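# A structural walkthrough
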4 protein chains.
Amino acid sequence: MPGYSINREDYLKRLRRIEGQARGLQRMIEDDKYCIDVLTQITSVTSALRSVGLGLLDEHIRHCVMDAASSDSDHGDAKITEAVGAIERLLRA
Amino acid sequence: MPGYSINREDYLKRLRRIEGQARGLQRMIEDDKYCIDVLTQITSVTSALRSVGLGLLDEHIRHCVMDAASSDSDHGDAKITEAVGAIERLLRA
Amino acid sequence: MPGYSINREDYLKRLRRIEGQARGLQRMIEDDKYCIDVLTQITSVTSALRSVGLGLLDEHIRHCVMDAASSDSDHGDAKITEAVGAIERLLRA
Amino acid sequence: MPGYSINREDYLKRLRRIEGQARGLQRMIEDDKYCIDVLTQITSVTSALRSVGLGLLDEHIRHCVMDAASSDSDHGDAKITEAVGAIERLLRA
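Each chain has its residues counted from 1, following the order in which its sequence is written. The order in which chains are written sets their letters, starting at A; the order in which ligands are written sets their numbers, starting at 1. Where totals are concerned, whole chains, interfaces and linings use all residues; where local detail is concerned, this predicted model gives features only for residues with pLDDT of at least 70, and gives and counts side-chain atom pairs only at 80 or more. The side-chain figures draw on all heavy atoms in the structure; neither hydrogens nor water molecules are used.

Below, the discussion takes up the pattern of salt bridges. The salt bridge definition used is simple: a Lys or Arg side-chain nitrogen within 4 Å of an Asp or Glu carboxyl oxygen. Evaluated as defined, the whole model comprises 28 salt bridges over all chains. One salt bridge in this structure joins A:Arg8 and B:Asp32, with 2.8 Å as the shortest N-O distance. Here A:Arg8 is found in helix H1 (residues 8-30), whereas its partner B:Asp32 is found in the loop between helix H1 (8-30) and helix H2 (35-71) on a different chain. For the salt bridge of A:Glu19 with B:Arg23, the shortest nitrogen-to-oxygen distance reads 3.0 Å. Separated into two different chains, A:Glu19 in helix H1 and B:Arg23 in helix H1 make up a pair that spans both. Residue exposure (1.4 Å probe, protein chains only): buried if accessible area is under 20% of the type maximum, exposed if over 50%, otherwise partly exposed. Note on A:Glu19: relative accessible area 8%, which makes it buried. Under the relative-accessibility criterion, B:Arg23 is labelled partly exposed at 35%. Here a helix means four or more residues in a row that DSSP labels H or I, a strand means two or more in a row labelled E, and each is numbered from the N terminus.

Written out as C-alpha cells, the structure is:
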C-alpha cells in the first residue's frame, strides 16, 4: 500500500477538482476570455497540482522511505535518493 | 479577440490532454500506484500547464500589449505592468 | 542604454545585498547552522534574485522591446520571442 | 553536527562561486550589459542556489531526519513536517 492510501479520498477529490479546472480552462479559451484571466487560472491549477505533489511527497517520506530505512539502511538510502530526484523534477517543472 | 485566438484549436487540444492527464492521475491513485510514479506524472502535467501559460503569455505580449502600446503609451505601460504581474504569479505558483 | 539603466543604483544595491547573503550562507555552513535554517536563507536569496530578474524583465519589455517594435515590426517580434525564452528559462531555473 | 558537514568544503566552494557570480552580476549592470544576458546569468545563479539547497535537503533527510526517526517516532514525524515545509518554501521562492 502506498503512503497516500490513508487520504486516498482526499487526493481523489482534489484531482477531480483539478480535472474540472482543466475543463474550465477550455471553456475560457472557447469563450475568448482575456489572456491574463486565463493565465491566472493556469497559475491556480499549477498551484493545486503542486500542493497535491507536496502532500504525496510528505506521505511518501513519512511511510515508504521510513519503512525502507528501518528494515534496511541501504534500501532507505536508495529511497531517499529517489525522493530527492522527484523533488528536483518538481522544482524544475 | 484575445491574442491566442489564432491558435485556439491548438490550445484546446493541449488543455484536453491536460484534462485527460488529471483523470489519469485519479486512476493512478485508485490503483495504488507507487508515489514516485504519481509525482512524476504530476511534474509532467505541471510542465504542460506551464507551457500553455508561456504560449498564452507570448501571444498576449505580441498582440494585446503591442496593440495597446501603439494606440496609447500609458495604456501600453499599464498592460506591461499587468503582464509582469502575471509572470510573477506564474513563477511563484 | 539598457532599459534598467534608470534604476541602475537600485539594482546594484539589491545585488550587493545578494552578494552579502551569499557570504552569510558560507558563514552559516562554517558555523554548522541547522540545515533547515540554511535552506530558509537559500529560499530568501533565490527569491531576491527572482525579484531582480522580474524587475529587469519589466524594464526590458517596457523599453527595449517597445522601442524595437515601434521602429520595425519584425525586429519587435524577434525581441518578444527572445524575452519569452528568458522567462521560460527563469521558470525552470 | 548537521548532515552536510561531511561535504562542508564542497558547499563552501559552491557558495563562494555563487558569491562571485553575484559580484559578476553587479559588473554586468555597471557595464550596461544587455538585459537578456543579465537575466540568463540570474537564471544560472538561481539554478546553482537551488542545487545547493537540494544537496542540503538530501543530507538533512539522510542524516538528521533518519536519526530523529530512529530514536523517537514522534520526533521523526516532526522533522518530516519541517522538511516538507522547507521544500514548499523552496518551490515557491
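Next comes the rest of the description.
Looking now at H1(A). Between the first and last C-alpha of H1(A) there are 33 Å, a value that for 23 residues agrees with the 33 Å anticipated at 1.5 Å per step. At the exit of H1(A) stands A:Asp32, carrying a positive phi of roughly 55 degrees. The span one expects for a helix is its residue count, reduced by one, times 1.5 Å.

Quick look at the side chain of D:Arg8 now. Note on D:Arg8: relative accessible area 17%, which makes it buried. Only heavy atoms matter for contacts: two residues are in contact if any of them lie within 4.5 Å across the pair. When neighbours within four sequence positions are excluded, D:Arg8 is seen to be in contact with C:Ile29, C:Glu30, C:Asp32 and D:Met1.

Moving on, we get to the packing of helix H3 (residues 73-91) of chain A against H2(B). Lines fitted to C-alpha atoms define the axes here, with helix axes fitted over just the stretch in contact, and angles between the N-to-C directions of these axes take values from 0 to 180 degrees. Two elements in contact, H3(A) and H2(B), have axes whose closest approach is 9 Å; the angle formed by their N-to-C orientations is 15 degrees. Put simply, H3(A) runs roughly parallel to H2(B). The two elements H3(A) and H2(B) cross, and the hand of that crossing is left-handed. Two secondary-structure elements touch here, H3(A) through A:Glu82, A:Ala83, A:Ala86, A:Arg89 and A:Leu90 and H2(B) through B:Ile36, B:Leu39, B:Thr40, B:Ile42 and B:Thr43. Just so you know how the angles are binned, under 35 degrees is roughly parallel, over 145 roughly antiparallel, 65 to 115 roughly perpendicular, and the rest oblique. Left-handed is the label given to a crossing in which the near helix is rotated counterclockwise from the far helix by less than a right angle, and right-handed is the label when the rotation is clockwise.

Purely geometric numbers; function is a separate question.
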